[in-house]
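Coordinate inspection notes
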Amino acid sequence: MAGHVRKLARARYLRHMQVWKALREALAGGWGWAALGLAAGLQVVSWPLSGFSHDEFSALRRVLLTDSWEGFWSEAVLVDAHPAGVQAFLTGWVGLGELMGVGLAPLWVKFPFLVASLSGLVALVLVVRRLVGREAAWLAVVVYGGLHWVVLQSGIARPYGAGVAAVLWEHVGRLVCLLAAVMCVSVGSAPCSLLCPSPSS
């Protein structure tokens, strides 16, 4: 079992190095980094300026009013159309904030959703570079990162920006590998070779 875990860790390391190499190639030259920086800057600037939206207040109310699994299921999951994982993550994240003494500070609650949205910009560069080319990736990240919906949703503690990032990372092929790693640890090594083939194959 330990040999399989080491083999998986080595394969994941090699894949991560391939992603960073592809990102450096996609952003080669000052224009690529400028495009990514502009798109990320537009999302980060609005983050500390906003309080909670009504959608966030609604989600936080449902999360904070539950004190048991049954309450969480009936009050936070069944009445909300968003994925249950978002409610579970928000419950844990708010709980961690309370343990750290941060409480319900908007910057704390929104932070992981901003990070997920920013990672979506990186995935967009990789996907468009693979499909079209480097200059198109630069243009795509500036246009996408400057859209009002993207700027607005990147700073909101709801699953929209994170969902787009998950779809883009799935296209890059790294989300499947992350899920395979979780399965390898919990089930065994069989899913590793099926979902995440080694870089040499």
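Given the structure is predicted, the values throughout are model-derived calculations rather than measurements. (Residues numbered from 1 in each chain as written. Predicted model: local features only at pLDDT ≥ 70, side-chain atom pairs only at ≥ 80, totals over all residues. Heavy atoms only, no water.)

**So, the nonpolar core**
- One finds Leu121, Leu124, Val125, Val141, Trp169 and Val172 to be the most contacted residues of the largest nonpolar core, which totals 20 residues.
- Those elements that provide at least two residues to this core are helix H2 (30–46), helix H6 (106–131), helix H7 (134–146) and helix H9 (160–172).
- Broken down by element, the residue count for this core peaks at seven residues, all from H6.
- Beyond its immediate chain neighbours, meaning those up to four positions away, Leu121 contacts Leu36, Ala39, Ala40, Gln43, Val141, Tyr144 and Gly145.
- Within the second largest apolar cluster, 11 residues are counted, among which are Phe52, Trp108, Val109 and Phe113. (Core = buried A, V, L, I, M, F, W, Y, C linked by side-chain atoms within 4.5 Å. Buried < 20%, exposed > 50% of the residue type's maximum accessible area, 1.4 Å probe, protein only. Helix = DSSP H or I, 4+ residues; strand = E, 2+ residues; numbered from the N terminus. Contact = heavy atoms within 4.5 Å.)

**Observations concerning the environment of His148**
- Residue position: His148 is located in helix H8 (residues 148–154).
- On the basis of relative accessible area, His148 is assigned to the exposed category, the value being 64%.

**Comments concerning H2**
- Compared with an ideal rise of 1.5 Å per residue, which puts 17 residues at 24 Å, H2 spans 25 Å between its outermost C-alpha atoms and is within 8% of the ideal.
- Considering only its buried residues, H2 is in contact with H6, H7 and H8. (Expected span 1.5 Å × (residues − 1).)

**Considering H7**
- Under the 1.5 Å per step criterion, the end-to-end length of H7 is 19 Å for 13 residues, consistent within 8% with the ideal 18 Å.
- Within the span of H7, buried status applies to Ala137, Trp138, Val141, Tyr144 and Gly145. Seen end-on, H7 carries its buried residues on one side only, within an arc spanning 145°. (Arc of directions from axis to C-beta.)

**Comments concerning the packing of aromatic side chains**
- One pass over the structure, following the stated rule, counts four aromatic pairs.
- With a centroid separation of 5.8 Å and 15° between ring planes, the pair formed by Phe89 and Trp93 is classed as stacked. Within this pair, Phe89 and its partner Trp93 are both found in helix H5 (residues 84–100), separated by four residues, close to a single helical turn.
- Accessibility expressed as a relative area gives 16% for Trp93, which makes it buried.
- Taken together, a centroid distance of 4.2 Å and an interplanar angle of 5° make the contact between Trp93 and Trp108 stacked. Residue Trp93 is located in helix H5, and its partner Trp108 is located in helix H6; the two are separated by 15 residues in the primary sequence. A single burial state applies to Trp93 and to Trp108, both of which are buried. (Phe/Tyr/Trp six-rings, centres within 6.5 Å; stacked < 30°, edge-to-face > 60°.)

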